[in-house]
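What follows is each chain in one-letter form.
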Amino acid sequence: MGRYPGMRPRIVILSGSGLSAESGLPTFRDAAGLWRQHSWQELASPEGWRRNPALVLEFYNERRAKAWAAQPNSAHVAIAALETKFDVVVVTQNVDALHERAGSTNVLHVHGELAFARGTGPARRRYRIDGAPIEIGQLCDEGTQLRPDIVWFGEMTQFRDEAREHVAAADKILVVGTSLSVYPAASLVDDARADADKVLNSLEMDEVPRGFSFRPGQATSVVPRIIDEWIS
Ligand code: NAD
């Protein structure tokens, strides 16, 4: 039952790169290995883009192709199945499209999406590109170079207020596959209601946020179990 009679219970899923690890996509820490050859300033910042856009496009073209070739895993699928019984909002730091491809219909990508390109002019027109590369010289309708629709270091995360409102209204919250070290996930968990059912799954966690029960282990085995408990 939700907080008010007749309302479907509300669930917020807060996901990070660990959820997609078993789909073969490296987590933030593992990806940091890739980044050792090039610093994050070169690959994921407005300054890096101005200095060497071809290098930035190459990096994201490779990530996009890999993310598009990956398949949703059983944890993504279980999360999508929650919509049969609950009002579900997925707030994800992930830039892949595995939640949507598993069937989730309400996904807020706070750090942007690999599957979209956008113009670099004031209108910031967005284009769906799925797994396709972006090349130098590819322009938006306004005539500006296309770039990945990704939130880079130093840029504003998206859906801040909306995500906060959903977390504050949720009856149940599942945090999965995030170290909670990157904004905004870290601060969002503080907005959860004290009486909400709050669960956190990851391989390890130095400090579990107050009120959350910790369910350690691989997302593909732990998340379907949690969701079975919630659905039954
Ligand atoms: P992180 O690397 O800081 O933390 C990953 C967490 O996932 C860790 O707590 C780890 O214990 C856990 N984990 C790893 N494998 C797991 C598994 N199989 N099952 C359950 N938990 C597992 O990652 P983060 O907190 O998501 O960092 C956020 C940043 O990473 C964001 O900026 C995001 O945009 C970016 N990112 C996204 C992707 C993607 O879209 N798939 C990939 C890499 C990085």
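Now for a quick tour of the structure.

Cut-offs used in this document
- What you see as residue numbers is a count from 1 along each chain, following the sequence as written.
- Owing to the predicted nature of the model, reporting of local features is limited to residues with pLDDT of at least 70; listing and counting of side-chain atom pairs is limited to 80 or more, with chain, interface and lining totals taken over all residues.
- As a convention, hydrogens and water are excluded, and side-chain values are obtained from all of the structure's heavy atoms.
- Each nonpolar core is a collection of buried residues, namely Ala, Val, Leu, Ile, Met, Phe, Trp, Tyr and Cys, held together in the definition by side-chain atoms within 4.5 Å.
- When accessible area is computed with a 1.4 Å probe and restricted to protein chains, residues below 20% of their type maximum are described as buried, those above 50% as exposed, and intermediate ones as partly exposed.
- Only DSSP runs of H or I with at least four residues qualify as helices, and only runs of E with at least two residues qualify as strands; both kinds are numbered from the N terminus onward.
- Contacts are assigned to residue pairs that have any heavy atoms within 4.5 Å of one another.
- When we say a residue is near a molecule or strand, we mean one of its heavy atoms is within 4 Å of it.
- A 3.5 Å cut-off defines polar contacts: any pair of N or O atoms within that distance qualifies, except that in protein one atom must be a possible hydrogen donor and the other a possible acceptor, and neighbouring residues in sequence count only when both atoms are side-chain atoms.
- Method for areas: the Shrake-Rupley scheme with a 1.4 Å probe, in which residue coverage is limited to the protein chains shown.
- Each salt bridge in this description consists of a side-chain nitrogen of Lys or Arg and a carboxyl oxygen of Asp or Glu lying within 4 Å of one another.

Before going further, it helps to spend a moment on the nonpolar core. By size, the foremost hydrophobic cluster in this structure holds 21 residues, and its most contacted members are Y60, L114, I134, I150 and W152. Counting residues per element, this core draws most heavily on helix 5 (residues 53-69), at six residues. Leaving out residues up to four positions away in the same chain, L114 has contacts with Y60, R63, R64, A67, V95, I129, D130 and I150. Residues I79, L82, V199 and V222 belong to the second largest nonpolar core, which totals 20 residues.

A few words now on the site of the ligand. Around the ligand, the structure places 28 residues, and the nearest of them are S17, Q93, V95, D96 and S179. One of the side-chain nitrogen or oxygen atoms of E22 is found 2.9 Å away from a nitrogen atom of the ligand. Within the complex, 92% of the 890 Å² of free accessible area of the ligand lies under protein. Elements with a contribution of two residues or more to the shell around the ligand: helix 1 (18-21) and helix 2 (28-34). Top element by residues in the shell around the ligand is helix 1. It accounts for three residues.

Turning next to the pattern of salt bridges. Oppositely charged side chains are able to pair whenever their charged atoms sit close together. One pass over the full model with this rule turns up 13 salt bridges. A salt bridge links R8 to D87, with the shortest nitrogen-to-oxygen separation between them at 3.3 Å. Taken as a pair, R8 in the segment before strand 1 (10-15) and D87 in strand 2 (residues 87-92) lie far apart in primary sequence, 79 residues in all. Using a relative accessible area of 34% as the deciding quantity, one classes R8 as partly exposed. Note that R193 is salt-bridged to D195, the shortest N-O span being 2.9 Å.

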